[in-house]
Amino acid sequence: MSNSSVPARLASIEAPEFDLELTLRSGQAFHWSKSGEGYVGTIENTPVYAEQREAVFLVTPGTESLAHHYFALDHSPAAILASFPNDPAMNTAIEYCRGMRILRQPPWECLATFITSSMKQVAHIRQMSLAIRKKFGQRVQLGDAELFTYPSPARLAKATEEELRECKLGYRAKNLLGTARLIADNVVNLDRIKTMDDPAALAELCKLPGVGEKVANCVMLFAYGRLRAFPIDVWIGRVLREIYFKRKRNATPKQLRDFSQTYFGNYGGYAQQYLFHHARMKKRNEAGKQEKHTRRK
DNA sequence: CTCCAGGTTCCGG
DNA sequence: CCGGAACATGGA
């Protein structure tokens, strides 16, 4: 009965310099679950089991090319690391994030998920994402594990705001619904965005309700593989101010944006994700120490 | 109970 | 372009 979501046979994929767990826990995608020694989740509408044993990366047979694309195993970590600026904060983040890949997620579910992310902790984003899948998605089976696909724009477009609020979206329900309708009606075409250059793609995404610069950049980076995209959230904002604007008090949003686009280079999105993950882990470790102190006695 | 979370939008300087 | 305020919900 244990680990029966693990297929009897697994297919191995060439995946040098790749860390599956680190990648799935870095706040890019929110629906993967631990199962046995690996993780289960969906890629597009296909259920996938993925597991890493040392340097060997294993997935459900038949999903090799899907997984290769999704986990961006074609990216070159060596070239990416070599492109980063050489400063203490960046070098520390690199040590924390070796093997992390920027995923190539399906645009719609990435977009929809990040619309729900505003003013929410990662754990909440995960809860909302799973609730939406369970309520509106299709059930797919993987061994005895039960997974749900992310519902299409057309499916969510015919949901009511009330139904979406039942997934704990709060004020985000109206934005997700509005965006689903614009895409279902082909007012905005997510496939066409693939053919646009970065500024045009960003502007197109920002036409959607609930999509501002930060969410648009997340989609650019985590779905469209625009590796220069540099989403600036509260965490990265703090890092930029405390590390790179130490002397200049009160850096404006425009200053942060201009700096991030020039300083971090052609793989700025990777740099951003490394700095983001390191900042979160550091905070979590500090909280853990505090916990032990206050709990003792 | 208070604080804050991978923001966006609208509004007055 | 900038700072403020409103907007829901639930962990810490």
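Let me begin by describing the structure that accompanies this report. (Residues numbered from 1 in each chain as written. Chains lettered and ligands numbered in written order. Predicted model: local features only at pLDDT ≥ 70, side-chain atom pairs only at ≥ 80, totals over all residues. Heavy atoms only, no water.)

Section: the protein's contact with DNA strand C
For step 1, the next point in the chain: Around DNA strand C, the neighbouring residues are M119, K120, H124, Q127, R165, K168, G170, Y171, R172, T252, P253 and K254.
For step 2, the next point in the chain: Among atoms of DNA strand C positioned within 4 Å of the protein, sugar and phosphate together represent 73%.
For step 3, the next point in the chain: At 3.3 Å from a base nitrogen of DNA strand C is found a side-chain nitrogen or oxygen belonging to R172.
For step 4, the next point in the chain: Counting only elements with at least two residues in the surface near DNA strand C, the list comes to α6 (122-136) and α14 (253-263).
For step 5, the next point in the chain: The class makeup of the residues in the surface near DNA strand C is three nonpolar, four polar and five charged. (Near = heavy atom within 4 Å. Polar contact = N/O pair within 3.5 Å; in protein donor to acceptor, adjacent residues only side chain to side chain. Helix = DSSP H or I, 4+ residues; strand = E, 2+ residues; numbered from the N terminus. Nonpolar A, V, L, I, M, F, W, Y, C, P; charged D, E, K, R; others polar.)

Thoughts on the sheet that holds strand β2 (residues 33-35)
For step 1, the next point in the chain: Taken in spatial order, the five strands of this open sheet run β1-β5-β4-β3-β2, and their pairing is antiparallel. Sheet topology places β1 (11-13) and β2 at the edges, where each strand pairs with a single neighbour. Along the sheet, successive strands turn relative to each other by an average axial angle of 35°, direction set aside.
For step 2, the next point in the chain: In terms of strand pairing, β2 meets strand β3 (residues 38-43) through three bridges, oriented antiparallel. Across the sheet, S35 pairs through a bridge with G38, a residue of β3. (Pairing = 2+ DSSP bridges. Axes fitted to C-alpha atoms, helices over the stretch in contact; angles between N-to-C directions.)

Some words on the pairing of strand β6 (residues 139-142)
For step 1, the next point in the chain: Only one face of β6 is covered, namely the face carrying V140 and L142; the face carrying R139 and Q141 is uncovered.
For step 2, the next point in the chain: Summarising the sheet, β6 and strand β7 (residues 145-148) pair through four bridges and their orientation is antiparallel. Residue R139 lies in a different strand from β7, and its bridge partner there is F148.
For step 3, the next point in the chain: What sits between β6 and β7 in their antiparallel hairpin is a turn of two residues, with G143 showing a positive phi close to 60°. (Buried < 20%, exposed > 50% of the residue type's maximum accessible area, 1.4 Å probe, protein only.)

Notes on the packing of aromatic side chains
For step 1, the next point in the chain: Taken as a whole, this structure holds 19 aromatic pairs when the rule is applied.
For step 2, the next point in the chain: Ring geometry for W32 and F71: centres 5.9 Å apart, planes at 50°, overall tilted. Here W32 is found in the loop between α1 (20-24) and β2, whereas its partner F71 is found in the loop between α2 (64-70) and α3 (77-83), with 39 residues between them in sequence.
For step 3, the next point in the chain: Judged by relative accessible area, which is 0%, F71 ranks as buried.
For step 4, the next point in the chain: On the basis of an interplanar angle of 85° and a centroid distance of 5.5 Å, the ring pair of Y244 and F264 is categorised as edge-to-face. In this pair, Y244 sits in helix α13 (residues 234-244) while F264 sits in the loop between α14 and α15 (268-295), placing the two residues 20 residues apart along the sequence. (Phe/Tyr/Trp six-rings, centres within 6.5 Å; stacked < 30°, edge-to-face > 60°.)

Quick notes on the protein's contact with DNA strand B
For step 1, the next point in the chain: In the vicinity of DNA strand B lie 27 residues, with Q121, V122, G212, Q272 and Q273 positioned nearest.
For step 2, the next point in the chain: Among all atoms of DNA strand B positioned within 4 Å of the protein, those belonging to sugar or phosphate total 55%.
For step 3, the next point in the chain: For DNA strand B, a sugar or linking oxygen lies 3.1 Å from a polar atom in the backbone of K120.
For step 4, the next point in the chain: In the environment of DNA strand B, a phosphate oxygen lies 3.2 Å from a nitrogen or oxygen atom belonging to the side chain of R238.
For step 5, the next point in the chain: Those elements giving two or more residues to the surface near DNA strand B turn out to be α12 (213-222), α13 and α15.

A word on α14
In an α-helix, one full turn covers 3.6 residues, which means residues spaced three or four apart are oriented alike.
For step 1, the next point in the chain: Where α14 is concerned, the buried positions are L256, F259 and S260. Buried positions in α14, seen along its axis, are confined to an arc of 95° and lie on one side of it.
For step 2, the next point in the chain: In this structure, the buried side of α14 is in contact with α13.
For step 3, the next point in the chain: Directly after α14, the chain includes G265, whose backbone phi takes a positive value near 85°. (Arc of directions from axis to C-beta. Contact = heavy atoms within 4.5 Å.)

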